[in-house]
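Observations on the three-dimensional arrangement
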Amino acid sequence: MGKKKISLRGVNIPAFLGVRDSNLRAINRYFEDSKVVLKGEELHAYGEPDALVQLEKIILILKEKLKRSGQLEEMDVIEAIEAIKNGNGTGASSDGSLVIFTPKKRIEPKTPNQEAYLRAILDNDVVIGIGPAGTGKTFLAVAMALKFLREKKVERLILTRPAVEAGESLGYLPGDFEEKISPYLTPLYDALYSMMPYDRVRKLIDTRVIEIAPLAYMRGRTLSDAFIILDEAQNTKTVQMKMFLTRLGPRSKVVITGDITQIDLPKFEESGLIEIQKILKNIKGIAFVKFGPEDVIRHRLVKRIIEAYDNYYESRELGRNGQDTGDKRSGQD
């Protein structure tokens, strides 16, 4: 067990520690075999040598973040920890060109796949991001869309989703069709509100600069001078995906996001997102970016949950194929 002292001289210590020391508790929670305590203007870290090296890097990142923005939240701590543990340095793009500034926050890629995703959006007219929940697919796409809108590279932002029931019946929801469909689009509103003040978002929606609508509303349209995001694309049918892709007009950009492990279509329906991986894989101007559990930046348990599900389904698939998985329940539904 080793020890390392890290100076916080010149740092706003209460802001660094967080509300009720939440930032410090987050560090200690992620390094279960190590411990960090505050003594005066120093952090005293105890643990194995490798863990202490990582801890020092993380604290240096957080000090720099605090100096830049004047505040430090628990999510900043989590992102710094994940970046260092994944061997991604500070988590930022190598030349800073992918940093996105919105009215509420500064956004930058936290993992190599997120960086590749943003670069693909800059370099291609159609980008398909596929991966599990919490990897930033939709959030980063919305951030890039706002960047394009601010820089006047597009005139409008269109966000769309298929309205597919996931265990609950749409028909039993209260209200008219508009009120029934609204819950399906809430995640898109959430992403916007996290980056811009509420009144500003509402103004852009009221003036049709930002349009949020179910996928069915895209039929028959040509979408020019627009940044178009299709979210939850794993729930599009083949004909819907073709319809959506052929809406692309001049000077427009399309980003499609989805998680092929969470398909809510009937079993006899093939997902359009799965199919386009075979159909569009060799077309210039179309890029695919795959995300994995290492890109998850939500609560630390989300990554473990995803890995647990992956391991479970892999074990069950091996059981179906007649191989010994070591689990007597394998092969049973």
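Please read all numbers here as calculations on a predicted model, not as lab measurements.

**Some points on the overall build of the protein**
Helix and strand counts for the protein stand at 11 helices and 11 strands. Sequence separation of 24 or more characterises 68% of the internal contacts of the protein that already satisfy a separation of 6 or more. Of the accessible surface of the protein, which amounts to about 17,700 Å², a share of 50% is contributed by carbon and sulfur atoms.

**Some remarks on the side chain of Gln 114**
The topology assignment puts Gln 114 in helix α5 (residues 112-123). Residue classification places Gln 114 among the buried residues on the basis of a relative accessible area of 1%. A distance of 2.7 Å separates a polar side-chain atom of Gln 114 from the backbone nitrogen of Lys 110. Excluding residues within four positions of it along the chain, Gln 114 makes contact with Glu 108, Pro 109, Thr 135, Gly 136, Leu 140, Phe 291, Asp 295 and Ile 297.

**A few points about the sheet that holds strand β6 (residues 126-130)**
Here we have 6 strands laid out as an open sheet, ordered β8-β7-β9-β10-β6-β11, and parallel in their pairing. Of all the strands in the sheet, just β8 (210-214) and β11 (286-290) have a single pairing partner and so form its edges. Neighbouring strand axes in the sheet, compared pairwise and without regard to direction, differ in orientation by 15° on average. Of the strands in this sheet, β6, β7 (156-161), β9 (226-230) and β10 (253-258) touch helix α6 (residues 137-150), which is tilted by about 170° from β9. Its contacts with the sheet put helix α10 (residues 272-279) on β6, β10 and β11, and the angle it makes with β6 is roughly 125°.

**Some points on the confidence of the model for the protein**
Of the residues in the protein, 84% have a pLDDT of 70 or more, and the chain-wide mean is 82. Per-element confidence in the protein is highest for β6, whose mean pLDDT is 97, and lowest for helix α7 (residues 177-195), whose mean pLDDT is 75. Taken together, the stretch residues 165-170 has pLDDT below 50 and engages in 8 contacts with residues farther than four places along the chain or on a different chain. In this model residues 324-333 is a low-confidence stretch, pLDDT under 50, and it forms 13 contacts with partners more than four residues away in sequence or in other chains.

**Some words on the packing of helix α9 (residues 238-245) against α10**
Two numbers describe how α9 lies on α10: the axes approach to 8 Å, and their chain directions differ by 65°. For α9 against α10, the interelement crossing comes out right-handed. Residues Thr 238, Met 241 and Leu 245 of α9 pack against Gly 272, Leu 273, Glu 275 and Ile 276 of α10. Each residue belonging to the contact of α9 with α10 can be placed in one class, and the counts come to 4 nonpolar, 2 polar and 1 charged.

**Looking at the sheet that holds strand β1 (residues 2-7)**
Adjacent strands of a sheet form backbone hydrogen bonds with each other and so pair up, either parallel or antiparallel. Judged by pairing direction, the sheet is antiparallel, and its 3 strands sit side by side in the order β1-β3-β2 without closing on themselves. Either end of the sheet is taken by a strand with one partner, and the two such strands are β1 and β2 (35-39). Here the average twist between neighbouring strands, direction ignored, is 20°. Sheet topology note: the β2/strand β3 (residues 42-47) ladder contains 5 bridges and is antiparallel. Bridged to Val 36 within β3 is Ala 45. Against the sheet, helix α3 (residues 49-69) engages β1, β2 and β3, with an angle of about 10° to β1.

**Side note on a nonpolar patch on the surface**
Among the surface-exposed residues, Leu 301, Ile 305, Tyr 309, Tyr 312 and Tyr 313 lie close enough to one another that they form a single nonpolar patch of about 530 Å² accessible area. A relative accessible area of 43% means that Tyr 313 is categorised as partly exposed.

**Some remarks on the environment of Leu 52**
By secondary structure assignment, the location of Leu 52 is in helix α3. Each C-alpha atom of the pair Leu 52 and Lys 3 lies 7.6 Å from the other, and the pair is 49 residues apart in sequence. In contact with Leu 52, other than residues within four places in its own chain, are Gly 2, Lys 3, Lys 4, Ala 45, Tyr 46 and Gly 47.

**Focus: the packing of aromatic side chains**
Taken as a whole and judged by the stated rule, the model has 4 aromatic pairs. Consider the rings of Phe 148 and Phe 227, whose centres lie 5.4 Å apart with planes at 70°: the pair is edge-to-face. Residue Phe 148 is found in helix α6, and its partner Phe 227 is found in strand β9; the two are separated by 79 residues along the sequence. For Phe 148, a relative accessible area of 7% translates into the label buried.

**Re α3**
Its 21 residues place the ends of α3 31 Å apart at the C-alpha level, agreeing with the 30 Å of an ideal helix rising 1.5 Å per residue. Those residues of α3 that fall on the buried side of the exposure criterion are Ala 51, Leu 52, Leu 55, Ile 58, Ile 59, Ile 61, Leu 62, Lys 63, Lys 65 and Leu 66. Taken from the residues just after α3, Gly 70 is the one with a positive phi, measuring 80°.

**Here we look at the environment of Ala 143**
Turning to its location among the elements, Ala 143 is positioned in helix α6. Taking the C-alpha atoms as reference points, Ala 143 and Phe 101, separated by 42 residues in sequence, lie 8.4 Å from one another. Beyond its immediate chain neighbours, meaning those up to four positions away, Ala 143 contacts Ile 100, Ile 107 and Met 195.

**So, α6**
Between its first and last C-alpha atoms α6 spans 20 Å; for 14 residues at 1.5 Å apiece the expected length is 20 Å, and the two agree. Burial of α6 is extensive: 12 of the 14 residues sit out of reach of the surface. The complete set of buried residues in α6 reads Lys 137, Thr 138, Leu 140, Ala 141, Val 142, Ala 143, Met 144, Ala 145, Leu 146, Lys 147, Phe 148 and Leu 149. Just downstream of α6, Lys 152 is the residue with a positive phi angle, here 60°.

Cut-off values and rules
- Residues numbered from 1 in each chain as written.
- Predicted model: local features only at pLDDT ≥ 70, side-chain atom pairs only at ≥ 80, totals over all residues.
- Heavy atoms only, no water.
- Helix = DSSP H or I, 4+ residues; strand = E, 2+ residues; numbered from the N terminus.
- Contact = heavy atoms within 4.5 Å.
- Areas by Shrake-Rupley, 256 points an atom, 1.4 Å probe, with all protein chains shown as cover.
- Buried < 20%, exposed > 50% of the residue type's maximum accessible area, 1.4 Å probe, protein only.
- Polar contact = N/O pair within 3.5 Å; in protein donor to acceptor, adjacent residues only side chain to side chain.
- Pairing = 2+ DSSP bridges.
- Axes fitted to C-alpha atoms, helices over the stretch in contact; angles between N-to-C directions.
- pLDDT = per-residue confidence, 0-100.
- Left-handed = near helix turned anticlockwise from the far one by under 90°.
- Nonpolar A, V, L, I, M, F, W, Y, C, P; charged D, E, K, R; others polar.
- Patch = residues over 30% accessible without salt bridge, like charges linked within 9 Å, V, L, I, M, F, W, Y side chains within 5 Å.
- Salt bridge = Lys/Arg side-chain N within 4 Å of Asp/Glu carboxyl O.
- Phe/Tyr/Trp six-rings, centres within 6.5 Å; stacked < 30°, edge-to-face > 60°.
- Expected span 1.5 Å × (residues − 1).

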